[in-house]
Amino acid sequence: MDSKSRINWLVLLTAGWIAAFECVPFAIRDSVSIAASVSSPAPNAQALTPEEQGKALYENGRFSEAVTVLQQAVQQARSRGDTLRQAIALSNLSLASQQLGLWTEANQAITESLKLLRSTHQQTSVLAQALDIQGRLQLATGQAESALGTWQQATALYSKTNDQAGIVRSHLNQAQALQALGFHRRALTVLENLRSTLQNQPASLVKVVGLRSFGDALLLVGETDAANAVLQQSLELAKQLQASEETAAALLSLGNVAQTKRDAQAALAFYQQAATRSASPLTKVQAQLNQLSLLTHPNQRDNIQPLVRQIQPQLATLPPSRTAIEMQITFAQLLLKLPSFDRTAIAQQLAKAVQQARALNDRRSQSFALGTLAHVYEQNRQWSLAQDLTQQALELAEAMRASDIAYRWEWQLGRLLKAQGNSTGAIAAYTGAVNTLKSLRKDLVAVNPEIQFSFRESVEPIYRQLVDLLLQKTAVPSQVKLTQARDVIESLQVAELENFFRAACLDTVVQVDQVIDQADASAAVVYPIILSDRLEVILKLPRQELRHYTVLVPQVQVEQTLEQLQQKLTKPYTLQEVQTLSQQVYNWLIRPAEATFAETKPKTLVFVLDGALRNIPMSVLHDGQQYLIQKYGIALTPGLQLLNPRSLKQIQLRTLTAGLTESRHGFAPLSFVKNEVEEIQSEVPSKVLLNQTFTEKQLQEQINATPFSVVHLATHGQFSSDAEKTFILAWDQPIKVNEFNQLLRTKEQTGTGTIELLVLSACETAAGDNRAALGLAGVAIRAGARSTIASLWSLDDESTALFMGEFYRNLTQTTTTKSAALQDAQLKLLQNPQYQHPRYWAPYVLVGNWL
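Predicted model only: the values in this text are computed from it and were never measured.

> Explain the pattern of salt bridges to me, and be specific about the residues and the numbers.
For the structure on display, the rule yields 25 salt bridges. Across the pair Arg809 and Glu683 runs a salt bridge, and its minimum N-O distance is 2.9 Å. Remark: Glu683 occurs in helix H32 (residues 673-683) and Arg809 occurs in helix H37 (residues 798-811); sequence separation between them is 126 residues. Among the salt bridges present, the one from Arg809 reaches Glu806, with a minimum N-O distance of 2.6 Å. You can see Arg809 and its partner Glu806 sitting in helix H37, 3 residues apart, about one turn around the helix. A relative accessible area of 13% places Glu806 in the buried class. Overlapping salt bridges bring together Lys418, Asp468, Asp533, Arg534 and Glu536 as one network.

Here's what the structure looks like:
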């Protein structure tokens, strides 16, 4: 709940998914009514039983009161000897306790409930719903594998009673657990199986809610097009049934899809329709907050004032609940982004939210409100008061083990301490935030969609600001600080990739340091780090301490230079401009290390690149006389870790080559691919799949059947910062990056071994995407190959065939390394008068093991 533009609508994005848990609880009620929007005030408590009071309080977000009432319900059922009612009350008590972060109490309640239910050997449906609640608790406390098993048990019980709503709910829960475990493809398989279950159901509110939850789950795992189609179906069915609240809920979810696709106008239209359709004050305000989040962008601010005037009185009339408090906080966060709004009024609104959260004994909401109020004082430079409130917010988050919010307050505390000149305390706070993020890892990207969509605003700055502190310009950093700074940047790169995949993605690895200290003493590792006002470069040389230098150049200038160079590299007749720009980058990254390299004489430079540097092949850097490739072999690694390296002398070269020469799926023909394939066949034993024979199925069958050490794909492909837009093209369909895990890694399962080298010779980075090279790192990791060679831009030209022939010829020499084979092939083209421009020889980069 920090003040980021997408948080308000992402609260709604998770609502359908969370409903898969929260529509479970009160086992004596109908699941559709439970999933319906919560809008009514708490009924007259005098007319209700404790169970009914607990239900009403829970639905209205008054969890602390619900816990008290449910404890009474448990005691009353126990005194009457009513085991079933006692078990139901205990399950619901666990659920309400979970909302308050009372994990021990929640576990005690659900454990006792399940013990009672299993002892009675009856009420299968109640047992299934209790298992749903236990699974929710397990996932919330980091036990995703246990949660998966629990929800599988629940599914089996729902199937026994033919409870379709329960089956849908538990499958959605299983998919979430699989995603948290990093099993993206298995999660999608579960969701796809659910599609047929839903389609076969008759028209009903159960089906409407199920489709919406399914669509929200698809969006959570990054399947935006599929999510849009399913949510449209939910919308049409809700309209057919004249269910206005479910219609509004579907419109909200469709707005979330549109915003994910960065279609602000479509998102606004959906949110406006949802606000108009709904009679629920909560749904209406949520839709309006979603609109406001879009309008706070600088180019959208003309219509803000009328919308703010609509939201303010509606918020004031909402009865206190967690949802209402969160809406107040979200509203305050959005207003903080607008300089024209009075900070005092915003602080007063947040102070009211703090009071309401305290009255409800809702520690999570209280932490959010206090931390956001502290941010107001931070903006106003009232450091001491801001620090005190931040400490309170952090203590509440830590007390309930809410790591997903604790890291925000650790970050905020670090900023405040830095502002007050306490660098040591700031480093400790920032380090705490980074360590908390590490502990969350899979949860952040697989369970918390907010992080997926606001990674650059809510996660990345924490890492960079910590590095900035560790490598302060006023002091020479110690080896401890250099090592920590390097490790922090690696953690950022791992987090970027996991955010890219929405799943954990690293295999068993070795440290790059270990490789150059023990396996290749002729390599050096270069770690450039882009900070707002400078470049920091860390060098690792074999069996030596880390070295470091600073280049005082602003981030804006670095990125502008890199963007210009990237554009010039792919165009003809730009040689002079390319050399001028690449010399500037050389001066920043390599010139300060020339004396060191002259002394240590490395043969290979391994780059761990940061930010926009990934879009530039390091081979093209120019010292005024030579390109870098004319002096060193060059390799890249996405982080400081590699799959266990093997040298070429340990490998028997056998290549599976697949390619397209004909136009497919709107892509142009690649007329020189046939020459490229023939060049490869002339150098190494090869199996070829060309055109119609190059299908996803055929590729997988060949990989499974034969121990190929090299897989070479000569086909269109695109690298993007969006995993959905990162693919290679087969004859029958594009193969997306997340499918590489299933397609290429089956070798490991069939015992045919890891692919040593994956070559992608006609790929390119997505136009206009300055982080597109993240997709290349994603492909390299997802494929599970020890090394990947790929092109950063596509060039259907005879030079590609000549280059690949030379590369494979070099590769057959067992005394060489992959980086040397690549270097020699590039130099061969560079020496050809026809191909001296870097557009011909520079696009190829080696990622991973360079030996």
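Here the narrative resumes.
> Could you give an account of the packing of helix H19 (residues 363-379) against helix H21 (residues 403-419), with specific residues and numbers?
At a minimum axis separation of 11 Å, H19 and H21 run at an interaxial angle of 20°. Between H19 and H21, the angle is such that the two are roughly parallel. In terms of crossing hand, the pair formed by H19 and H21 is left-handed. Contacts from Arg364, Ser367, Phe368, Gly371, Thr372, Ala374, His375 and Glu378 of H19 reach H21 at Asp404, Ile405, Trp409, Gln412, Arg415 and Leu416. Its residues placed into classes, the contact of H19 with H21 shows 5 nonpolar, 5 polar and 4 charged.

> Could you give an account of the environment of Asn290, naming the residues involved and the relevant values?
Following the sequence through the fold, Asn290 ends up in helix H15 (residues 281-295). The spacing of Asn290 and Leu268 is 22 residues in sequence and 8.0 Å in space, taken between C-alpha atoms.

> Tell me about the nonpolar core, residues and numbers included.
Ranked by size, the top nonpolar core spans 239 residues in total, and within it Phe597, Phe607, Leu699 and Trp850 carry the most contacts. With 9 residues, helix H17 (residues 322-336) is the largest single contributor of residues to this core. By size, the runner-up hydrophobic cluster in this structure holds 35 residues, among which are Leu57, Val74, Val126 and Ile133.

> Before we move on, could you go through the side chain of Glu696 and cite the residues and values that matter?
Examined against the element boundaries, Glu696 turns out to sit in helix H33 (residues 696-705). Dropping the residues within four chain positions of it, Glu696 is found in contact with Ala730, Asp732, Gln733, Ile735, Glu739 and Leu743.

> Talk me through the packing of aromatic side chains; I want residue IDs and the actual numbers.
The full count for this structure, using the stated rule, is 8 aromatic pairs. A ring pair is formed by Tyr58 and Phe63, whose centres lie 5.2 Å apart and whose planes are at 65°; its orientation type is edge-to-face. Across the pair, exposure class does not vary: Tyr58 and Phe63 are buried alike. Centroid distance Phe807 to Tyr808: 5.3 Å. Interplanar angle 75°. Geometry classified as edge-to-face. On the basis of relative accessible area, Phe807 is assigned to the buried category, the value being 1%. One aromatic cluster is present, formed by Phe803, Phe807, Tyr808 and Tyr844 through successive ring pairs. Between Arg839 and the ring centre of Tyr840, over which it is positioned, the NZ or CZ distance is 5.1 Å.

> Describe the pairing of strand E10 (residues 710-719), listing the residues and the values that go with them.
Most of E10 is tucked away, with 9 of its 10 residues classed as buried. The pairing of strand E8 (residues 655-659) with E10 spans 5 bridges and is parallel. What sits directly across from Thr655, in E10, is Val710. Taken together, the 8 bridges between E10 and strand E13 (residues 757-765) define a ladder with parallel strand orientation.

> I'd like a rundown of the pairing of strand E9 (residues 686-690), residues and numbers included.
Sheet topology note: the E8/E9 ladder contains 5 bridges and is parallel. Each bridged residue has a counterpart across the sheet, and for Leu656 the counterpart in E9 is Lys687. In this fold, the crossover linking E8 to E9 by way of H32 has right-handed handedness.

> Which residues make up the side chain of Thr372, and what are the values?
Tracing the chain through its elements places Thr372 in helix H19. Relative accessible area serves as the criterion here: at 4%, Thr372 is assigned to the buried category. Within the structure, Thr372 has its side chain in polar contact with the backbone oxygen of Phe368 (distance 2.7 Å).

> Please provide a residue-by-residue account of unusual backbone geometry, values included.
Unlike most non-glycine residues, Gln242 shows phi in positive territory, near 55°. Tracing the backbone through its elements, the reader meets Gln242 in the loop between helix H12 (224-240) and helix H13 (244-260). Even without glycine at this site, Lys601 takes up a positive phi of about 50°. The class of Lys601 is exposed, set by a relative accessible area of 61%.

> Go over helix H7 (residues 124-140), please, and point to the residues and values.
Under the 1.5 Å per step criterion, the end-to-end length of H7 is 25 Å for 17 residues, consistent within 8% with the ideal 24 Å. Burial analysis of H7 places 14 of its 17 residues in the buried class, which makes it a mostly covered element. Among the residues trailing H7, Gly142 stands out with phi positive, at a value near 80°.

> Could you give me a rundown of the packing of H7 against helix H8 (residues 144-160), with the residues and numbers involved?
The geometry of H7 relative to H8 is characterised by a closest axis approach of 8 Å and an angle of 165° between their N-to-C directions. In this view, H7 runs roughly antiparallel relative to H8, as classed from their interaxial angle. Of the two elements, H7 crosses H8, and the hand of that crossing is left-handed. In contact with Thr124, Ser125, Leu127, Ala128, Gln129, Leu131, Asp132, Gln134, Gly135, Arg136, Gln138 and Leu139 of H7, H8 contributes Ala144, Ser146, Ala147, Thr150, Trp151, Gln153, Ala154, Leu157 and Tyr158. Classifying every residue of the contact of H7 with H8 by side-chain character gives 10 nonpolar, 9 polar and 2 charged.

Calculation criteria
- Residues numbered from 1 in each chain as written.
- Predicted model: local features only at pLDDT ≥ 70, side-chain atom pairs only at ≥ 80, totals over all residues.
- Heavy atoms only, no water.
- Salt bridge = Lys/Arg side-chain N within 4 Å of Asp/Glu carboxyl O.
- Helix = DSSP H or I, 4+ residues; strand = E, 2+ residues; numbered from the N terminus.
- Buried < 20%, exposed > 50% of the residue type's maximum accessible area, 1.4 Å probe, protein only.
- Axes fitted to C-alpha atoms, helices over the stretch in contact; angles between N-to-C directions.
- Parallel < 35°, antiparallel > 145°, perpendicular 65-115°, else oblique.
- Left-handed = near helix turned anticlockwise from the far one by under 90°.
- Contact = heavy atoms within 4.5 Å.
- Nonpolar A, V, L, I, M, F, W, Y, C, P; charged D, E, K, R; others polar.
- Core = buried A, V, L, I, M, F, W, Y, C linked by side-chain atoms within 4.5 Å.
- Phe/Tyr/Trp six-rings, centres within 6.5 Å; stacked < 30°, edge-to-face > 60°.
- Lys NZ or Arg CZ within 6 Å of the ring centre and 35° of its normal.
- Pairing = 2+ DSSP bridges.
- Right-handed = clockwise from strand over helix to strand, strands pointing away.
- Polar contact = N/O pair within 3.5 Å; in protein donor to acceptor, adjacent residues only side chain to side chain.
- Expected span 1.5 Å × (residues − 1).

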